[in-house]
Structures are given as structure tokens and as C-alpha cells.
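What the coordinates show
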Amino acid sequence: MGKELTRRNFIGAAALGAAAMAAGGLAACSPGESSGDSSSAGQSPDSGTWDMSTDLLICGSGGAGMACAIEAKDNGVENVLIIEKRSNVGGTTTTSQGMIAGFDTQIQKKQDIKLTYDEMYANLMNNATYHLDPALTKITVERCGEIIDWLIDRVQVPFTEDVAVYYGPLQMMHIVEEGGAGFAQAFGARLDELGVETEKETKLVEILLDTEGRVAGAVAEGKKGTVRIQAKAIMIATGGYAYNPELAARLDPEKAGTFGIGYLGSEGDGLIAASNAGAATSHTNDMMCVLKDYVIMSEHEGTSASANVNGFTLLPNVIFVGAEGKRFTNEGDGGFMSQNFNGPVFDQMHRDNKGFVWQVSDEAAITATDGKTKRGEGLEYIKGADAAELAANMGVDAENLAATIDAYNAAVDAGFDAEFGRLPTVKLVPPFVALPVVPCEIITYGGIARNENGEVICADGTPIPGLYVGGEASCNSAYMGFTLSNCFTWGRIGGKSASDYIAS
């Protein structure tokens, strides 16, 4: 099966990085200090050596950034500049399915669909197992219907008349024609009308503060090299870090070993820049991970599609074992994208000092899917005519694996798995198959700490004057179904707060 499967060697680096982040990102604000190794280091923000100047600088052209720009212009900000590291605008929003949760919207009213705030709040918090910030989540939920009406009336986003369930049980999901592309087209047209300029292929590197700790500008890297941009206020809307597994491990060493399969631009640029300027971070242990084929990810430059293991994972008799050939978790605990499940998987990986765990099933279960369950890249599953042969091909203890399979089958006979609280219904029968899998980050829920005005805050709770954040760059108030609502809502909140600050 190719080279020996071993865990990627960056756990030690992750631990050192976490200590550095704790020392830097959680420090109180330090006025007038320039961070990082950019060419601007050592220069005073007040020295007048600016390459560009604007009233509001928005870093990132995804949903939060675009909503911020429109809100700021509508509230009187004359000069708004967006910088975008990618060659295209729209960010993660454009790759979404175009579904957004809301209640009491004009679409729902036409169909007499009635939901309450309490129902919506409970739905969101239950799905997120109450990991979210209550005060910020309250705002996301309160405004989720209003934001959909704003998208329809102000941005002219084309919604269908359908309101679906999806993240159940509530009929709350509003659907945009053409999915994420529908958002991009509508926002693009409105930004053009407002005369908002976007500098593409320009990456945020550093936030510059003046001697009183207020925002003075930023350093960015663009097609023409390093530029210093003077700004009265800055909005960070650079997205999360689901394409930066090293940063994920630095922020939370338990996530060491993950692979990034999120949006290509989601590398945590805004989080790093804000942290280096004194901002606190929060919820950085929360992310959505999906299981992927470890060999394909580590040896074949796998993508989310090529390393897909959904078919195998959903087999009725799949079990998970570690390097000793023993089960370690309830395979159905909260679904394969939940922290309830991925936490034990990461723990077992670290316990084994491997970059993966094993899924085990049998050829009969594979055959029953009528060819729908296949391994990517033309690879074959690990196979064994019996438990001993399978264990040898997996490199795990044969006696333990045989005992594990026997115990699982006994639980099927008994109708209850007393060890893990599962209700298994289908036995494992030879010949057996196995697959090495690893949780891969696709959405991050933590990031830059903020208050109810969208202001970036330090560890002591004080805001950095003129610095704002929205969307997945600080996504501690959203979860499945509410990601886009969080994005647009906090983009608008940041835009309004920034316009008030600029006018003051």
C-alpha cells in the first residue's frame, strides 16, 4: 500500500507555535508597535510613507467583506477599498450551496411559515452543542431574517420561493438561484454601482497602529510588491483557516495531523495579522472536519473529492480501530462531521502516534452498494480473508483485531453494544476490508475575538480602535445553516460600526 503510514511530523512544531500564539495573540494591546517581518517594520505609521490611502480598508472580498462595503457606503463612508488575496472575488460565499437560515422573512410570510426566535436559537445552539458565544449568537439569530430581506431588497440577490429544512427540523433554509454564484453576481453589481474598488491578488500582512493604539493602516503584499495602505478603519473579512493545517495545529495542538480541504484562500491571514497587533482569539478548538482517505491525502495530493470516503463510512457495519486493533469510539456519535466524533479520532491518532485511524468493514457490505462505494485514485481497499490476514495487511495486532470483530458481532446478536452505547444491526463477515482515514478541516469556527459592535478586542476585553472583524475570520456565533447569515450580518455590523467610528 505504498510507503509506511506514519503520522506527519509537526506535532512538536505545533506545540511551540501554540505557545507563541498564546504569548502574542492573547497579549493586551500594545500601542504603536509594528509586528512581523514586513518591509515596513521599524517605520512609524505616522511617518507619511503611505503608498495608498482610504477611509475604510476591507480585507477580503467574501460575503462579510462585500456586505461591509455596501453598509459602509450606505452610511456615508466616501472611500472604501477592498483588498483580496485571490484573483477572483467572492471568497467562500461563492463556493457555497447558496442556502441561508432565517425566520420571519418576506418569503416565509408569503407561505405562512411561522418560526420563533427561541426555536431558531435552540436549533443553532443544539447543533453546535452550545460551543458558541451566547451574546454574539443571539445577534446572529435575531437578525437572520432581517439579513435575508436586506439581501433581497438592497443587494437584489435572487432567491427562489422555496424554504427547505436541511439542517432540521425547522423549515428555515432560504435558497439562492445559482447557489453561491447568485450571491457573487448580485453583490458585484451593487459594488460597481457604489464605485467600490477591489485590489485583487493583494494579501493582508500586517495591521499598523498609531502611538495611541488606534488603527493607522495596513501592510499588504500585492502584484507590485509590498504596499502600505493608510486607513481610518479596517475590516478583517479574510475568512477562516481551513486551508492551513499548520495554523490549525498551532492554535489547537489536538488538531495536529489534519489536512486542509477548505476554500483555497482560507489560510488565516487576518487572524495572524490581528493577533500580531494584540487581538485575542477564541473558539479555535472548534472546526468542522470530515474524514478522508489518509493515503490519498498524504501521498496523492488528495482533494476533498478524490479522497472521499463517505460511501465506506456509511456502511451499516463499519467500525473504527486504532493501531492496536481495538475499537475506541461509538462510530455513530453525532455524525462524522461533529466534534463528538472527530475528537476521539484525533485523540486516538495521537495516542498511536499515527496520522490516521482505521475503518473496518467487509466485502459483502461493499458489494451491496452496487459499485457506489469505491476508493479514489483507483486504489484498492486493504483486504483480508480473515481477521489474521487483515491485521497483517493493516499492521495491527491480529489477536486484538479478531477479538474486536468477535465482540462487535456479539453486540449485534445482543442488540446492544454495551461498551460504546451503539445499536449495531449488521455483523462483520469475512472477507474483510479496511481503510486508513484522517479528519480534514473544511470549516473553522474560531478566530479573532470581537464584541457586539464587531470591534476586535484584546484579551482584557478592550477594543482596538478602528479595527473590525466579520464572517469566518471570527466565526464563534454560527454553525451549520447559519454560516452565511453570520457572514452577512457581521459584515453589516462591522460596516456600520466602522462608518460611525470614521465619522466621529
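These lines cover the structure that appears in this document, whether it is placed above or below.

Here is what the cut-offs are and how they apply
- Residues numbered from 1 in each chain as written.
- Predicted model: local features only at pLDDT ≥ 70, side-chain atom pairs only at ≥ 80, totals over all residues.
- Heavy atoms only, no water.
- Helix = DSSP H or I, 4+ residues; strand = E, 2+ residues; numbered from the N terminus.
- Buried < 20%, exposed > 50% of the residue type's maximum accessible area, 1.4 Å probe, protein only.
- Contact = heavy atoms within 4.5 Å.
- Areas by Shrake-Rupley, 256 points an atom, 1.4 Å probe, with all protein chains shown as cover.
- Phe/Tyr/Trp six-rings, centres within 6.5 Å; stacked < 30°, edge-to-face > 60°.
- Lys NZ or Arg CZ within 6 Å of the ring centre and 35° of its normal.
- Expected span 1.5 Å × (residues − 1).
- Pairing = 2+ DSSP bridges.
- Axes fitted to C-alpha atoms, helices over the stretch in contact; angles between N-to-C directions.
- Arc of directions from axis to C-beta.
- Polar contact = N/O pair within 3.5 Å; in protein donor to acceptor, adjacent residues only side chain to side chain.
- Core = buried A, V, L, I, M, F, W, Y, C linked by side-chain atoms within 4.5 Å.
- Right-handed = clockwise from strand over helix to strand, strands pointing away.
- Salt bridge = Lys/Arg side-chain N within 4 Å of Asp/Glu carboxyl O.

Further remarks concern the overall build of the protein. The number of helices and strands found in the protein is 17 helices and 19 strands. Relative to its 504 residues, the protein shows a buried fraction of 56%. At a minimum sequence separation of 6, the contacts of the protein that also span at least 24 residues come to 74%. Surface accessibility of the protein: about 19800 Å² in total, with carbon and sulfur atoms responsible for 49%.

Let us look at the packing of aromatic side chains. For the structure on display, the rule yields eleven aromatic pairs. Taking the centre distance of 5.5 Å and the plane angle of 15° together, the rings of F187 and F488 count as stacked. Of this pair, F187 sits in helix 8 (residues 180-194) while F488 sits in helix 17 (residues 483-503); the two residues are 301 residues apart in sequence, bridging distant segments of the chain. On the basis of relative accessibility, which here comes to 0%, the residue F187 falls in the buried class. Relative to Y479, the ring of Y445 lies with its centre 4.8 Å away and its plane at 40°, an arrangement referred to as tilted. Here the residue Y445 occupies a position in the loop between strand 16 (432-444) and strand 17 (447-448), and Y479 occupies one in the loop between strand 19 (463-469) and helix 17, the gap between them amounting to 34 residues. By way of ring pairs, the aromatic residues W150, F159, F183, F187 and F488 are connected into one cluster. The positively charged end of R86 is found above the aromatic ring belonging to Y263, 5.9 Å away from the centroid.

Taking 1.5 Å per residue as the helical rise, helix 2 (residues 63-74) with its twelve residues ought to reach 16 Å, and the 17 Å between its terminal C-alpha atoms agrees with that figure. Across the twelve residues of helix 2, ten count as buried, placing the element largely inside the fold. Within helix 2, the full set of buried residues consists of G63, A64, G65, M66, A67, C68, A69, I70, E71 and A72. Of the residues trailing helix 2, G76 is marked for its positive phi of about 95°.

As summarised here, the arrangement of the three strands in space is 3-5-4, forming an open sheet in which the pairing is antiparallel. Looking at the sheet topology across the chains shown, the edges are occupied by strand 3 (99-101) and strand 4 (159-164). Recorded for the sheet is a direction-independent mean angle of 30° between the axes of neighbouring strands. Pairing geometry for strand 3 and strand 5 (residues 173-176), over three bridges, is antiparallel. Bridging from a neighbouring strand, M99 pairs with I175 of strand 5.

This part covers helix 15 (residues 387-394). Among the residues of helix 15, those classed as buried are A387, L390, A391 and M394. Looking straight down helix 15, one finds that the buried residues subtend no more than 100° of arc, so they occupy a single side. Packed against the buried residues of helix 15 are strand 13 (319-321), strand 14 (357-362), strand 15 (382-384), helix 16 (398-414) and strand 16. Where helix 15 begins, the side chain of D386 points an oxygen toward the backbone nitrogen of A388, at a separation of 3.2 Å.

Turning next to the environment of I82. Looking at where I82 falls in the secondary structure, it is placed in strand 2 (residues 80-84). With 28 residues separating them along the chain, I82 and T54 place their C-alpha atoms 9.9 Å apart. In this view, I82 contacts I58, G60, S61, G65, A69, L191, V196, E197, T198 and E199; residues no more than four positions away in its chain are not counted.

What follows concerns the environment of A434. By the element assignment, A434 lies in strand 16. In sequence terms A434 and D362 are 72 residues apart; their C-alpha atoms lie 7.9 Å from each other. Setting aside anything within four residues of it in sequence, one finds A434 in contact with F312, W358, Q359, V360, Y381, I382, L390 and M394.

Bringing the nonpolar core into the picture now. For soluble globular proteins, nonpolar side chains are generally found buried alongside one another. Grouped together as the largest cluster of nonpolar side chains are 78 residues, with contacts concentrated most on L57, I207, I234, I236, M394 and I448. Here this core takes seven residues from strand 16, the largest share from any one element. With near-sequence residues (within four places) excluded, I234 lies in contact with L56, L57, C59, I207, V215, G217, A218, G466, L467 and Y468. Counting 39 residues, the second-largest nonpolar core is a separate cluster that includes I100, A233, A237 and C487.

The subject of this paragraph is the pairing of strand 2. Along strand 2, five of the five residues are buried, which leaves the element largely enclosed by surrounding structure. Every second residue of strand 2 is oriented toward a common face, with V80, I82 and E84 on one face and L81 and I83 on the other, all of them buried. Sheet topology places strand 1 (residues 52-59) next to strand 2; four bridges connect them, and they run parallel. Opposite L57, over in strand 2, you have L81 as the bridge partner. A crossover links strand 1 with its parallel partner strand 2, the connecting element being helix 2, and its sense is right-handed. Strand direction decides the pairing type here: strand 2 and strand 6 (residues 197-200), joined by four bridges, are parallel. Within strand 6, the residue paired with I82 across the bridge is T198.

If you walk through the whole model with that rule in mind, you get 23 salt bridges. Of the charged contacts, one joins D55 and K232 as a salt bridge, the two residues approaching to 3.3 Å between their closest N and O atoms. Of this pair, D55 sits in strand 1 while K232 sits in strand 9 (residues 225-236), and the two are 177 residues apart along the sequence. Its relative accessible area of 46% is what places K232 among the partly exposed residues. The partner of R327 in a salt bridge is E331, and the shortest N-O contact between them spans 2.8 Å.

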